[in-house]
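Descriptive structure summary
The lines below spell out each chain.
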Amino acid sequence: MSPDHSAETTGHESWRPARETKSQRQWKPGQAKKVRSIRATFTSTVLVMEAFVLAFFGMAVYGVNRGEPMAPWALGLSLGLAVVAILTCALVRKPLGMWIGWSIQVLLVASAFIEYTMAIVGVGFGLAWWYAVVKGGQLDRENASRAEAEAKWRAEQGPASQ
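Residues numbered from 1 in each chain as written. Predicted model: local features only at pLDDT ≥ 70, side-chain atom pairs only at ≥ 80, totals over all residues. Heavy atoms only, no water.

Take the overall build of the protein chain next. From N to C terminus, the protein chain includes five helices and zero strands. Counting from the amino terminus, the protein chain carries its helices and strands in the arrangement α-α-α-α-α. On C-alpha atoms alone, the protein chain measures out to a radius of gyration of 24 Å, which is more than a quarter above the 15 Å that the 2.2 N^0.38 rule sets for 162 residues. The dimensions of the protein chain, computed from C-alpha atoms along their principal axes, are 80 × 40 × 20 Å. Of all 162 residues assigned to the protein chain, the portion counted as buried reaches 26%. At a minimum sequence separation of 6, the contacts of the protein chain that also span at least 24 residues come to 62%. For the protein chain, the computed accessible surface area is about 11700 Å², with 66% contributed by carbon and sulfur atoms. The centroid of the 17 positive side-chain charges in the protein chain is displaced by 2 Å from the centroid of its 12 negative side-chain charges. (Helix = DSSP H or I, 4+ residues; strand = E, 2+ residues; numbered from the N terminus. Rg over C-alpha atoms; globule rule 2.2 N^0.38 Å. Buried < 20%, exposed > 50% of the residue type's maximum accessible area, 1.4 Å probe, protein only. Contact = heavy atoms within 4.5 Å. Areas by Shrake-Rupley, 256 points an atom, 1.4 Å probe, with all protein chains shown as cover. Lys, Arg positive; Asp, Glu negative; His and termini not counted. Charge placed at Lys NZ, Arg CZ, Asp CG, Glu CD.)

The following block contains the structure:
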């Protein structure tokens, strides 16, 4: 790169596509990739799937029990819990998010008192949540350990290996 190519041309290289996101425009070769939590990804996925199930569960209970006074309440609570599940995705990196997630699992199993087939669905999602928390945490620890070992190796090898 010649001296007249300054920082103002960074992001406008010939190999870049015409339309990029902000993070794509700010990327430079050799830049370290942001580490993402696998546990957060796994648990968020489970919560989003549960939100869909809760919304459909509420609509089904409302449709079957349309004349009953509990039908609108069941629909409202189910849709509200679906919204809470979606919003909890932003909190799964914190202990509060994990507690809310476990609470949603308990409420999903408890929905079997309204519709008995939800016991199977609730237990299934409870197992999926447990697996996401346990296995995701294990993979995060392994990735952190691997990154630490790589950083140590790079420090030992010196700047020539980088």
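Once you've had a look at it, read on.
We now examine helix 3 (residues 70-88). Each full turn of the α-helix corresponds to 3.6 residues, which orients residues three or four apart in the same direction. Between the first and last C-alpha of helix 3 there are 26 Å, a value that for 19 residues agrees with the 27 Å anticipated at 1.5 Å per step. Within helix 3, burial applies to A71, A74, S78, L81, A82, A85 and T88. What you see down the axis of helix 3 is that its buried residues fit within an arc of 125°, all on one side. Relative to its buried face, helix 3 has exposed residues pointing more than 90 degrees away, namely W73 and L87. Of the surrounding elements, those touching the buried residues of helix 3 are helix 2 (38-64) and helix 4 (95-110). (Expected span 1.5 Å × (residues − 1). Arc of directions from axis to C-beta.)

What follows is about helix 5 (residues 118-157). For helix 5, which comprises 40 residues, the first-to-last C-alpha distance of 57 Å matches the rise-based estimate of 58 Å (1.5 Å per residue) to within 8%. Taken residue by residue, helix 5 has M118, G122, F125, G126, W129, A132, V133, G136 and G137 as its buried positions. For helix 5, the secondary structure elements touched by its buried residues are helix 2 and helix 4. One or two positions beyond helix 5, positive phi appears at G158, with a value near 85°.

Grouped together as the largest cluster of nonpolar side chains are 21 residues, with contacts concentrated most on L47, V92 and W129. Broken down by secondary-structure element, the contributors of at least two residues to this core are helix 2, helix 3, helix 4 and helix 5. Broken down by element, this core gets its largest block of residues, seven residues, from helix 2. In this structure W129 touches T43, V46, L47, V92, M98, G101, W102 and Q105, once residues within four positions along its chain are discounted. (Core = buried A, V, L, I, M, F, W, Y, C linked by side-chain atoms within 4.5 Å.)

Here the largest pocket defines a volume of roughly 290 Å³. Of the residues contributing to the lining of the largest pocket, the split by class is four nonpolar, two polar and four charged. Among the elements of the structure, helix 2, helix 3 and helix 4 are those that each provide at least two residues to the lining of the second largest pocket. Residue contributions to the lining of the second largest pocket peak at four residues, all from helix 3. In terms of residue class, the lining of the second largest pocket is built from eight nonpolar, two polar and no charged. (1 Å grid on protein atoms, 1.4 Å probe; cavity = no way out; pocket = protein on both sides within 12 Å on 5 of 7 lines; lining within 4 Å. Points joined across faces, edges and corners; volume = space filled by probe spheres on them. Nonpolar A, V, L, I, M, F, W, Y, C, P; charged D, E, K, R; others polar.)

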